[in-house]
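Topology and contacts: notes
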Amino acid sequence: MTVSSPMVGLLYNPAVPLVLDALGSRVDFVEVIPDRLWYDFGVEAGPQRFSHAQAAIDELRRYAQDRAVVGHGIGLSLPSAMPMDEGLLDQVAASDRDLGYQWYSEHLSMFLAPNRAVPNAQAGMGLPVPFDEEMLELVAGKVARLSEALGGRRILLENGVIFSAVPEPEMSEPAFFNRLHADSGCGMLLDLHNLYANTLNLGTSGEEYLAQLNPEMVVEIHLAGGDRLKGHYTDSHSRRTPSDVWTWAHEWAPRFPNLAAITFEYHESYHRRLGLAGIAEEIELMHDLSRQVGDQRRKVAAQEAAA
Amino acid sequence: MSLAQFQTALADLTASPALVRQVRREPATLTALYDLTEREARRLAGVAASPGMEANCMLYRANRLAPVALNLPDTCTALGDDLEPLISAYWDSEPQTDVHFLIEADRFARYVAARELTADARAALSREHALVAGKLAASRARAGLSAFRDGPAEMRA
């Protein structure tokens, strides 16, 4: 267990430089979606498959200077029953060599199926996966390959938004993450807003979910806000974090001994709605949470030293 | 192979409210179309029957609309009420989404250009399609060149 406080950061998007220009000293790290740094013309394009967004990469490099960077991918779709996209993996590895991610995360959701893709629009949708032994074996193998390609980098998987859970699971979602952690060392990116959406949409208990998690595996927390859509609640990254999510964050984050980062996610199309002042308030609330976690860790460390 | 079929079926359901309705009426549709185990068929029928399937379908359409709305906004406005049937027909003819926003917008622009349009819609489409085509060409011209230091081996000059 570390006695330091978790870092506070933002999911990087084209509007985030405006925040960093104004509030840069309050943002410890940026989380980069590498898939947004290139255009993909498809496997059939051969060596011309990827076109790097040179200006976006140069800008990111400037803002990443003197700041930690973590990687957060959406394109590898680890739960898909198909071989790893090695061409895409090469690009992710190249972005890692350039930007030096502290760790790399992906999603426990399906974005690709054989001959099919689900348009995710960054904050959009992934499809649910069956929580069973077959999926566990598949994902564990992909996690190992991804970590190997990134030179042994730590890999995390994020819990997804689920509108329709796959019936007849062999284990619960927290049990799946616990097993994956035990079998492969994969950490967890706990998206508290996704969990919140699932409790609203599926009628499940967030407290029960959190209580089942192995607290050792949680390395990062995501915070965000969403919208109601025809009786459903979406993870649209369009608003500030709901108060119920903050309540969970304050109750549970101090219990995660390896929590290293707290991230606020928003989509650039909602930058004006959130406003710089609103984003600044979210950042300060994340610092309050980080301080709470750090204080708790120092208290525990002092108690252990005295014992 | 069976899990792959399960995932393909789930992706197809998400892309097609009509298939969802068909499976809700007749779950055996799934085993007729895909090579599934009994449990996979039950699981998919359960997913299709769930209220959340509507959200999956809505988000699929919203996310697929995003590259078109972002890159061809005036065309969408000029199409007005014609947009919905046009884009639905386009998705039926191009069921495979492309993650490259410019390719998706270019493909839709070509599809619309071959249809009968009002003068306003034709003008907006011509202007915006030219912009999309220009960006796409610039993107293609850069393809294969690494912007990363120590880039992928196949992109090093």
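Residues numbered from 1 in each chain as written. Chains lettered and ligands numbered in written order. Predicted model: local features only at pLDDT ≥ 70, side-chain atom pairs only at ≥ 80, totals over all residues.

**A short note on the overall build of chain A**
Per the secondary structure count, chain A includes nine helices and 14 strands. Taken over the C-alpha trace, chain A has a radius of gyration of 19 Å; the compact-globule value for 307 residues is 19 Å, and the two agree within 12%. Looking at chain A as a whole, 50% of its 307 residues are labelled buried. Here the analysis covers contacts within chain A between residues at least 6 apart in sequence; of these, 76% occur between residues at least 24 apart. (Helix = DSSP H or I, 4+ residues; strand = E, 2+ residues; numbered from the N terminus. Rg over C-alpha atoms; globule rule 2.2 N^0.38 Å. Buried ≥ 20, exposed ≤ 12 C-beta atoms within 10 Å, placed from the backbone. Contact = placed C-beta atoms within 7 Å.)

**Digging into the overall build of chain B**
Looking only at helices and strands, chain B has nine helices and zero strands in total. Element order for chain B, N to C, with α for helix and β for strand: α-α-α-α-α-α-α-α-α. The globule rule puts the C-alpha radius of gyration for 157 residues at 15 Å, and the 20 Å found for chain B is more than 25% above it. Considered along the principal axes of its C-alpha atoms, chain B spans approximately 50 × 50 × 25 Å. Considering chain B as a whole, with its 157 residues, one finds that 37% of them fall into the buried category. Within chain B, residue pairs in contact and separated by at least 24 positions form 64% of the contacts whose partners lie at least 6 positions apart.

**Quick look at the nonpolar core**
A:Met188, A:Leu192, A:Ala249 and B:Leu10 are the most contacted members of the largest nonpolar core, which has 128 residues in total. Here this core gets seven residues from one element, more than from any other, and that element is helix α1 (residues 2–15) of chain B. Excluding residues within four positions of it along the chain, B:Leu10 makes contact with A:Ala113, A:Leu127, B:Leu44 and B:Val47. (Core = buried A, V, L, I, M, F, W, Y, C linked by C-beta atoms within 7 Å.)

**A short note on the interface of chain B and chain A**
Residue-level contacts link 43 residues of chain B with 45 residues of chain A. When contributions to the side of chain B that touches chain A are tallied by element, the ones reaching two or more residues are α1, α4 (38–49), α5 (52–71) and α9 (119–142) of chain B. Top contributing element to the side of chain B that touches chain A by residue count: α5(B), with ten residues. Classifying every residue of the side of chain B that touches chain A gives 18 nonpolar, 15 polar and ten charged. (Nonpolar A, V, L, I, M, F, W, Y, C, P; charged D, E, K, R; others polar.)

**Some points on the packing of helix α4 (residues 133–149) of chain A against helix α5 (residues 173–184) of chain A**
Residues and elements named next belong to chain A. At a minimum axis distance of 10 Å, the contact between α4 and α5 shows a crossing angle of 45°. In terms of orientation, α4 lies oblique with respect to α5. The crossing of α4 and α5 is right-handed. Between α4, through Leu-136, Val-139, Ala-140, Val-143 and Ala-144, and α5, the contact on the second element is made entirely by Phe-176, Arg-179, Leu-180, Asp-183 and Ser-184. (Axes fitted to C-alpha atoms, helices over the stretch in contact; angles between N-to-C directions. Parallel < 35°, antiparallel > 145°, perpendicular 65-115°, else oblique. Left-handed = near helix turned anticlockwise from the far one by under 90°.)

**Concerning helix α8 (residues 101–113) of chain B**
Taking 1.5 Å of rise per residue, the 13 residues of α8(B) would be expected to cover 18 Å, and the 18 Å separating its terminal C-alpha atoms lies within 8% of that figure. Those residues of α8(B) not exposed but buried are B:Leu102, B:Ile103, B:Glu104, B:Ala105, B:Asp106, B:Phe108, B:Ala109 and B:Val112. Contacts made by the buried residues of α8(B) are with β3 (38–40) of chain A together with α5, α7 (83–93) and α9 of chain B. (Expected span 1.5 Å × (residues − 1).)

**Some remarks on the sheet that holds strand β6 (residues 104–107) of chain A**
Two strands in a sheet stick together by hydrogen bonds in their backbones, pointing the same way (parallel) or opposite ways (antiparallel). Spatial strand order, β1-β2-β5-β6-β9-β10-β11-β14 (chain A): eight strands in a closed barrel with parallel pairing. On average, adjacent strands in this sheet sit at an angle of 30° to one another, irrespective of strand direction. (Pairing = 2+ DSSP bridges.)

**Brief notes about the pairing of strand β11 (residues 218–223) of chain A**
Residues and elements named next belong to chain A. Buried residues dominate β11, accounting for six of its six residues. Pairing analysis gives four bridges linking strand β10 (residues 187–191) to β11, with the strands arranged parallel. Looking at β11, one finds that Leu-190 is bridged to Ile-221. Two strands pair when backbone bridges link them, and β11 and strand β14 (residues 261–264) are joined in this way by four bridges, in the parallel orientation. In the strand pairing of β14, Leu-223 is matched with Phe-264.

**Some details on unusual backbone geometry**
Of note, A:Ser77 is a non-glycine position whose phi angle comes to about 45°, a positive value. You can see A:Ser77 is positioned in the loop between β5 (68–72) and α3 (86–99).

**Thoughts on the packing of helix α1 (residues 16–23) of chain A against helix α9 (residues 271–306) of chain A**
Residue and element names in this part refer to chain A. Axis separation between α1 and α9 bottoms out at 11 Å; the angle between their running directions is 70°. Relative to α9, the element α1 is oriented roughly perpendicular. Judged by the twist between their axes, the crossing of α1 over α9 is right-handed. Every residue of α9 that contacts α1 at Val-19, Ala-22 and Leu-23 is listed here: Leu-276, Ile-279, Ala-280 and Ile-283. Tallied by class, the residues present in the contact of α1 with α9 amount to seven nonpolar, no polar and no charged.

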